[in-house]
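Spelled out from the first residue to the last, the chains are:
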There are 2 protein chains.
Amino acid sequence: MAELPPVVARMWDREPTTRRGPRPRLDLATITTAAIEIADAEGLAAVSMSNVAAQVGVAPMALYRYVGSKDELLTVMADSAVPPPPERGNLPWRPYLATWTRLTRDVLLSRPWLLELRPSTPPMGPRRLLWLDRALDALSDTGLDDGQRFHAATVLTGYALTDATLTHSLGAGGTELAARAKGATEYGEILTEVLDPATYPALSAMMRAGLLRDSTGWTEDADFQFGLNLLLDGIEALISRPAR
Amino acid sequence: MAELPPVVARMWDREPTTRRGPRPRLDLATITTAAIEIADAEGLAAVSMSNVAAQVGVAPMALYRYVGSKDELLTVMADSAVPPPPERGNLPWRPYLATWTRLTRDVLLSRPWLLELRPSTPPMGPRRLLWLDRALDALSDTGLDDGQRFHAATVLTGYALTDATLTHSLGAGGTELAARAKGATEYGEILTEVLDPATYPALSAMMRAGLLRDSTGWTEDADFQFGLNLLLDGIEALISRPAR
DNA sequence: CCCTACTCTGTACGTCATACGCAATTATTA
DNA sequence: TAATAATTGCGTATGACGTACAGAGTAGGG
């Protein structure tokens, strides 16, 4: 039986019920909520141990009774910031996974600081695992085996993340650099200006043809739909293929 | 015409050729190479302005004549660390994009610190754009329009990134937290222990069935292949669909 | 009632990014 | 050739940050 890392234990409320010493004035959820509020309001850079401690009315070092390090706090935040997954209802796998993936992307866009958080650990928190569970459940009628379903979900998550990253960086940038190059139009202009058609034939041709430049009728939503259908087509092709 | 951000200009050697003042003792490439060496050897955390400056034999503040901030340096690193894309030869689009995606993943796994790097900007460096160009080029015979090809490439990149992240975090972890939970086996054990079958029916069933636990015959490569074929199937379905 | 485990706090340390100003150096202009 | 202007490299300084450590107070177990 594997020993649980301390933070994981606290994420799942696996603390021993009775303990000595003064009763804790905080719990992990309070700290996490405060940290998330700061991140929502002022960005991830403002999430310092001092700021979080001030937000919950405690000295900075007190937080270390609940979290082993700032990194652990960020890990917990990355899980708690995720809302519950959508209800399945009696939707077939394909439309359910479509909204599932879209909502995953929307969460990332509504909390852009989640994009700056690179998970150094596979998901182990209750919220993200709940999302995973629902995706696997949606695929349970399809005849795919465990590994296939697991990876289908992984692929969809990855797509949501990629699309959110791209959309966000083309939209309202956060960094100074991104602020300078904000907007798909300006990005296209920069590329057009910098690319040598000899070494970048396909890309520069595409740019000169006006991709990303004339935004007439362009909706990022259509782009998302496109890639999503691509993935779902792939899954469908896999399902309707004879089992091996 | 869009003004180029200063670092972008330097990445593309768009500096005026003659300038006053002392001749620069460095250039951006030297600094970047040094920074990459440090990241390769000691990890991204060891890439501080002081360390990089020491590596090239200069005072820390001297670097700011070449880079506007540490963030910019990281951006440039993220581009320079990427090798040239594979040659197309006369491969059809599908096998070419298969190795293209696999190599993308391999690059990320051979330089894990690239995974920790948040791309806050769409790719604007010469190396990454070259990769993009080759993928677009491979799709040029397929009858897909510009937007479709662009997004197909995006999807493949995203998949490589997702898979590399997962593989890396299940393999040799970097963080303390990941070190504790290293290995797919132990990850599976943790999940099995922590999941309540009532709220996580699909996932806990899958775990009890032994996914991720008995690694007999399990190769991460097969997993990668699986997801990749899924995507390529999706693209293929799109190609053979009548144009709209 | 004392001991023991546990919580919170204040202080302190080392590191980091980077703002500012100065001296040295070179191309341009007079 | 001499003066000017631009630009580089460097030293110093600052404020913020993560966190190690030690002590004081608190509550349950014996």
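Just so it is clear, the structure is predicted and the values come from calculations on it, not from any experiment. All residue numbers refer to positions counted from 1 along the written sequence of the respective chain. Here the convention is simple: chains get letters from A, ligands get numbers from 1, in the order in which they are written. Thresholds applied to this predicted model are a pLDDT of at least 70 for local features of residues and 80 or more for the giving and counting of side-chain atom pairs; totals over whole chains, interfaces and linings are not thresholded and use all residues. The side-chain figures draw on all heavy atoms in the structure; neither hydrogens nor water molecules are used.

Peer 1: Could you clarify how one ought to interpret the overall build of chain A in this entry?
Peer 2: Helix and strand assignments come from DSSP, with helices taken as H or I runs of at least 4 residues and strands as E runs of at least 2, each series counted from the N terminus. A tally of helices and strands in chain A yields 12 helices and 0 strands. Secondary structure elements of chain A occur, N-terminal to C-terminal, as α-α-α-α-α-α-α-α-α-α-α-α. Note on classification: 1.4 Å probe, protein chains only; a residue is buried when its accessible area is under 20% of the maximum for its type, exposed when over 50%, partly exposed between these limits. Among the 244 residues that make up chain A, the fraction classed as buried is 50%. Any two residues whose heavy atoms approach within 4.5 Å at even a single point are treated as in contact. Within chain A, counting contacts between residues at least 6 apart in sequence, those at least 24 apart form 70% of the total.

Peer 1: Explanation requested: the relation of the copies chain B and chain A in the structure shown.
Peer 2: Between the two copies of the chain lies a relationship made up of a rotation around an axis and a movement along it. Placing chain B over chain A gives an RMSD of 0.1 Å and needs a rotation angle of 180°, together with 0.0 Å of translation along the axis. Taken together, the turn and the small shift mark the pair as related by a two-fold rotation axis. Within chain B, Gly234(B) has its C-alpha nearest the rotation axis, a separation of 2.0 Å. Interface overlap between copies is the fraction of interface residues in one copy that are interface residues in the other; for chain B against chain A it reaches 97%, indicating a shared surface. Residues reaching a pLDDT of at least 70 in both copies supply the C-alpha atoms on which the copies are superposed by least squares.

Peer 1: Any chance you could explain the interface of chain B and chain A here in plain terms?
Peer 2: Chain B puts 79 residues into the contact, and the matching count from chain A is 77 residues. Buried surface at the junction of chain B and chain A, both sides included, amounts to about 7200 Å², of which 72% is carbon and sulfur. Counted as a polar contact is a pair of N or O atoms within 3.5 Å, where, for protein atoms, one must be capable of donating a hydrogen and the other of accepting one, and residues adjacent in sequence contribute only when both atoms are in side chains. At the boundary of chain B and chain A, one finds 10 residue pairs in polar contact (both at pLDDT 80 or more). Elements with a contribution of two residues or more to the side of chain B that touches chain A: helix H4 (70–80), helix H6 (113–116), helix H7 (126–138), helix H8 (146–170), helix H9 (176–180), helix H10 (184–194), helix H11 (201–208) and helix H12 (220–239) of chain B. Per element, the largest residue contribution to the side of chain B that touches chain A is 17 residues, and it comes from H8(B). All amino acids are sorted into three groups, where Ala, Val, Leu, Ile, Met, Phe, Trp, Tyr, Cys and Pro are nonpolar, Asp, Glu, Lys and Arg are charged, and the leftover types, Gly among them, are polar. Across the side of chain B that touches chain A, the residue classes break down as 44 nonpolar, 15 polar and 20 charged. Note: buried area is the sum, over both parts, of the accessible area (probe 1.4 Å) each one loses when the two are combined.

Peer 1: Where do I start with the protein's contact with DNA strand D in this structure?
Peer 2: Proximity is defined per residue: any heavy atom of the residue falling within 4 Å of a molecule or strand makes that residue near it. Surveying the vicinity of DNA strand D reveals 23 residues, the closest of which are Arg23(A), Lys70(A), Arg19(B), Arg25(B) and Val58(B). Each atom of DNA strand D within 4 Å of the protein was classed as base or backbone; sugar and phosphate made up 70%. Contacts to DNA strand D include Arg20(B), whose side-chain N or O atom sits 3.2 Å from a sugar or linking oxygen. Among the residues making up the surface near DNA strand D, the classes are represented as 12 nonpolar, 4 polar and 7 charged.

Peer 1: Is there a simple way to explain unusual backbone geometry in this structure?
Peer 2: One can expect most non-glycine residues to show negative phi and most peptide bonds to be in trans. Its identity is not glycine, yet Asp13(A) carries a phi of approximately 55°, on the positive side. Turning to its location among the elements, Asp13(A) is positioned in the loop between helix H1 (6–11) and helix H2 (28–42).

Peer 1: Just checking my understanding: could you explain the protein's contact with DNA strand C for this structure?
Peer 2: Taken together, 25 residues lie around DNA strand C, and Arg19(A), Pro22(A), Arg25(A), Ala59(A) and Lys70(B) are the ones closest in. Within 4 Å of the protein, the contacting atoms of DNA strand C are drawn from sugar and phosphate to the extent of 70%. The backbone of Ala59(A) places a nitrogen or oxygen atom 2.8 Å from a phosphate oxygen of DNA strand C. At 2.9 Å from a phosphate oxygen of DNA strand C is found a side-chain nitrogen or oxygen belonging to Tyr64(B). A class-by-class count of the residues in the surface near DNA strand C yields 11 nonpolar, 5 polar and 9 charged.

Peer 1: Please clarify how the packing of helix H11 (residues 201–208) of chain A against H7(B) should be interpreted in this entry.
Peer 2: The angle between the axes and the distance between the axes are what describe a pair of packed helices. Running from N to C, H11(A) and H7(B) cross one another at 85°; their axes reach a closest spacing of 7 Å. Taken together, the axes of H11(A) and H7(B) lie roughly perpendicular to each other. Here Pro201(A), Ala202(A), Leu203(A) and Met206(A) of H11(A) lie close against H7(B), whose contacting residues are Leu129(B), Leu132(B), Asp133(B), Arg134(B), Leu136(B) and Asp137(B). Its residues assigned to classes, the contact of H11(A) with H7(B) comprises 7 nonpolar, no polar and 3 charged. Note on geometry: axes are C-alpha line fits, over the in-contact stretch for helices, and angles between N-to-C directions span 0 to 180 degrees. Each angle gets one of four labels, with under 35 degrees taken as roughly parallel, over 145 as roughly antiparallel, 65 to 115 as roughly perpendicular, and the rest as oblique.

Peer 1: Explain the confidence of the model for chain A to me, please; I cannot follow it from the model alone.
Peer 2: A low pLDDT score tells you not to read the predicted coordinates there in detail. Looking at chain A as a whole, its pLDDT mean stands at 86, while 86% of the residues score no less than 70. pLDDT is a per-residue confidence score from the predictor, ranging from 0 to 100. Across chain A, the secondary-structure element scoring lowest on mean pLDDT is helix H9 (residues 176–180) of chain A, at 53, and the one scoring highest is helix H3 (residues 49–56) of chain A, at 98.

Peer 1: Quick question: what am I supposed to make of the nonpolar core here?
Peer 2: In a soluble, globular protein the nonpolar side chains are often hidden away together inside. Among the nonpolar cores identified, the biggest contains 155 residues, and Leu97(A) and Leu97(B) are the most heavily contacted of them. Discounting residues that sit within four places of it in the chain, Leu97(A) has contacts with Ala135(A), Ala138(A), Leu139(A), Leu156(A) and Leu232(A). Take the buried Ala, Val, Leu, Ile, Met, Phe, Trp, Tyr and Cys residues and link them wherever side-chain atoms come within 4.5 Å; each set so joined is a nonpolar core.

Peer 1: Just checking my understanding: could you explain the packing of aromatic side chains for this structure?
Peer 2: All names here are of chain A. Aromatic rings from Phe, Tyr and Trp, taking only the six-membered ring of Trp, are treated as a pair when their centres fall within 6.5 Å; an angle between ring planes under 30 degrees marks them as stacked, one over 60 as edge-to-face, and anything in between as tilted. What the rule picks out here adds up to 6 aromatic pairs over all chains. Plain terms: the ring middles of Tyr 159 and Phe 224 are 5.4 Å apart, the flat faces sit at 20° to each other, and that makes the pair stacked. Of this pair, Tyr 159 sits in helix H8 (residues 146–170) while Phe 224 sits in helix H12 (residues 220–239); the two residues are 65 residues apart in sequence, bridging distant segments of the chain. In terms of burial, Tyr 159 and Phe 224 fall into one category: buried. Sitting over the face of the ring of Phe 224, Arg 105 holds its NZ or CZ atom 4.6 Å from the ring centroid. Any Lys NZ or Arg CZ found within 6 Å of a ring centre and within 35 degrees of that ring's normal is scored as a charge over the ring.

Peer 1: Hey, could you run me through the pattern of salt bridges in this one?
Peer 2: Pairing of side chains with opposite charge becomes possible as their charged atoms draw close. All names here are of chain A. Counted as salt bridges are all cases of a side-chain nitrogen of Lys or Arg within 4 Å of a carboxyl oxygen of Asp or Glu. Within this structure, the stated rule accounts for 18 salt bridges over all chains. Here Asp 233 ties to Arg 94 by a salt bridge, and the two come within 3.0 Å at their closest N and O atoms. Residue Asp 233 is found in helix H12, and its partner Arg 94 is found in helix H5 (residues 93–110); the two are separated by 139 residues along the sequence. In this structure Asp 233 comes out as buried when scored by relative accessible area, which is 13%. What makes Arg 94 partly exposed here is its relative accessible area of 21%.

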